[in-house]
2 protein chains.
Amino acid sequence: MSKHLKQRFRERGYRLTRQREAILEVLATTGEHLTAEEVHQRVQSICPELNLATVYRNLNLLAEQKIIGKVDFGDGRSRFEARSEHHHHLYCLKCGRVVDLFFCPVHLYESIFQTYRFRVTAHQFEAYGYCMGCELLNGKVGKP
Amino acid sequence: MSKHLKQRFRERGYRLTRQREAILEVLATTGEHLTAEEVHQRVQSICPELNLATVYRNLNLLAEQKIIGKVDFGDGRSRFEARSEHHHHLYCLKCGRVVDLFFCPVHLYESIFQTYRFRVTAHQFEAYGYCMGCELLNGKVGKP
DNA sequence: ATAGGTGCAAAACCTTTGCATCCGT
DNA sequence: ACGGATGCAAAGGTTTTGCACCTAT
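Everything numeric here is computed off the predicted structure, so don't read it as measured data.

### With respect to the interface of chain B and chain A
Item 1. Each partner contributes residues to the interface: chain B has 39 residues there, and chain A has 39 residues.
Item 2. Taken over both partners, the interface formed by chain B and chain A buries close to 3,300 Å², and the fraction arising from carbon and sulfur atoms is 64%.
Item 3. If you sort the residues of chain B by the area they bury against chain A, Tyr109, Phe118 and Arg119 of chain B come out on top, with a joint share of 22%.
Item 4. Our enumeration of links across chain B and chain A arrives at 2 salt bridges.
Item 5. Note that glutamate 135 of chain A is salt-bridged to arginine 119 of chain B, the shortest N-O span being 2.5 Å.
Item 6. In this assembly, chain B and chain A are joined by 16 residue pairs in polar contact (both at pLDDT 80 or more).
Item 7. Put simply, the parts of the chain that give the side of chain B that touches chain A at least two residues each are strand E4 (88-92), strand E5 (98-101), helix H5 (110-115), strand E6 (119-130) and helix H6 (132-138) of chain B.

### Focus on the UniProt feature "binding site: Fe cation" (unreviewed entry) in chain A
Item 1. When the UniProt feature table is mapped onto this chain, "binding site: Fe cation" (unreviewed entry) is found at His86 and His123 of chain A. These residues run over 38 residues, yet every pair of their C-alpha atoms falls within 10.0 Å of each other.
Item 2. Of note, histidine 86 of chain A is situated in the loop between strand E3 (78-81) and strand E4 (88-92).
Item 3. Once residues lying within four places of it in the same chain are set aside, the contact partners of histidine 86 of chain A are Phe102, Cys104 and His123 of chain A.
Item 4. Engagement of the side chain of histidine 86 of chain A in a polar contact is seen with the side chain of histidine 88 of chain A, the distance being 3.3 Å.
Item 5. With respect to the helices, strands and loops of the structure, histidine 123 of chain A is situated in strand E6 (residues 119-130).
Item 6. Accessibility expressed as a relative area gives 16% for histidine 123 of chain A, which makes it buried.
Item 7. In this structure, histidine 123 of chain A is in contact with His86, His88, Cys104 and Val106 of chain A together with Phe125, Glu126, Ala127 and Tyr128 of chain B, ignoring residues within four places of it in sequence.

### Remarks on the protein's contact with DNA strand D
Item 1. Every one of the 22 residues lining DNA strand D counts as a neighbour, but Tyr56 and Asn60 of chain A together with Arg15, Arg20 and Thr54 of chain B are closest to it.
Item 2. Backbone atoms, meaning sugar and phosphate, make up 60% of the atoms of DNA strand D lying within 4 Å of the protein.
Item 3. Between a phosphate oxygen of DNA strand D and a main-chain N or O atom of glutamate 49 of chain B, the distance comes to 3.1 Å.
Item 4. Asparagine 51 of chain B places a polar main-chain atom, nitrogen or oxygen, 3.0 Å from a phosphate oxygen of DNA strand D.
Item 5. Counting residues per element, the ones that place at least two in the surface near DNA strand D are helix H4 (52-64) of chain A together with helix H2 (18-29) and helix H4 (52-64) of chain B.
Item 6. Among the residues making up the surface near DNA strand D, the classes are represented as 6 nonpolar, 8 polar and 8 charged.

### Some words on the relation of the copies chain B and chain A
Item 1. Mapping chain B onto chain A calls for a rotation angle of 179° and an axial translation of 0.0 Å; the resulting RMSD is 0.1 Å. When the rotation and shift are considered jointly, the pair of chain copies conforms to a two-fold rotation axis. Of the C-alpha atoms belonging to chain B, the one lying closest to the rotation axis is found on phenylalanine 125 of chain B, 2.2 Å away.
Item 2. By residue overlap, the copies meet face to face through one surface: 100% of the interface positions of chain B are interface positions in chain A.

Calculation rules
Residues numbered from 1 in each chain as written. Chains lettered and ligands numbered in written order. Predicted model: local features only at pLDDT ≥ 70, side-chain atom pairs only at ≥ 80, totals over all residues. Heavy atoms only, no water. Contact = heavy atoms within 4.5 Å. Buried area = accessible area lost by both parts, 1.4 Å probe. Salt bridge = Lys/Arg side-chain N within 4 Å of Asp/Glu carboxyl O. Polar contact = N/O pair within 3.5 Å; in protein donor to acceptor, adjacent residues only side chain to side chain. Helix = DSSP H or I, 4+ residues; strand = E, 2+ residues; numbered from the N terminus. UniProt positions renumbered as here; feature names shortened; annotations may be inferred. Buried < 20%, exposed > 50% of the residue type's maximum accessible area, 1.4 Å probe, protein only. Near = heavy atom within 4 Å. Nonpolar A, V, L, I, M, F, W, Y, C, P; charged D, E, K, R; others polar. Least-squares fit on C-alpha atoms with pLDDT ≥ 70 in both.

Laid out in structure tokens, this is it:
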């Protein structure tokens, strides 16, 4: 784990536990967007006794601290990713593959936000569909 | 309820029940974005015995049929709205006020979707922040 | 030493489902 | 009358919480 991150933890009064290091390790190693359950599974090899509740507590903490990202693909569970720079997603509804999109449309809404007198602090854009592999498997005609 | 809607139900082999009419009535009367629980509460005055499970079944059915809209503001429950034309949202994190946004950025992503060979079938854009009223109540300095 | 962190189990929440009964067509 | 729809209760899945014990600093 990077010195920078360790320092960031200490500065804010959080401890650097085996559990937290293991969770960050798992997320940093894979580039994937994992559910808490998936993180819990994969973390077993590094830190076998790590409890699912602890995984949840730490994923939420890390996301609040903007050390990791939290995404919602609308399937009823959150996913977490190591990448923390702002971006959007393209999500395959069949295989779950995710593409990160770095174009952000939010600036186009600035005048609209002003019109409605909102101070906007966050936003999300996610696109859903089928990647080419799944499209071919599906057959090309008449599928949703 | 409009003749058009009634016909649409029959054509597809769905029945027009008191419960369904009451749910549509509630959503059409308010312009708000209601959770299933909220729909259930408000529907009591029209149809007191209507069960929450039935509310869920019908909200999902109506959303699948694109008669109503289903939105997710990331707080762990879905909301439903009478307006079914495609649009986006501005959501106040404090009071829950919602503004509908009719500018859609998805066309700006077309070439990106092609690059990744995705056929995109749906997308969402939601902005979160504080409306002017809540902003004033919060105080203007240093709040998230 | 001490305050924060963890494990465990239980609860909270939202949502879905099985089944007997009901009712729209 | 038929098959879809409803009510009720129970279960499902994800996430949070209370509390005693543990551990990083």
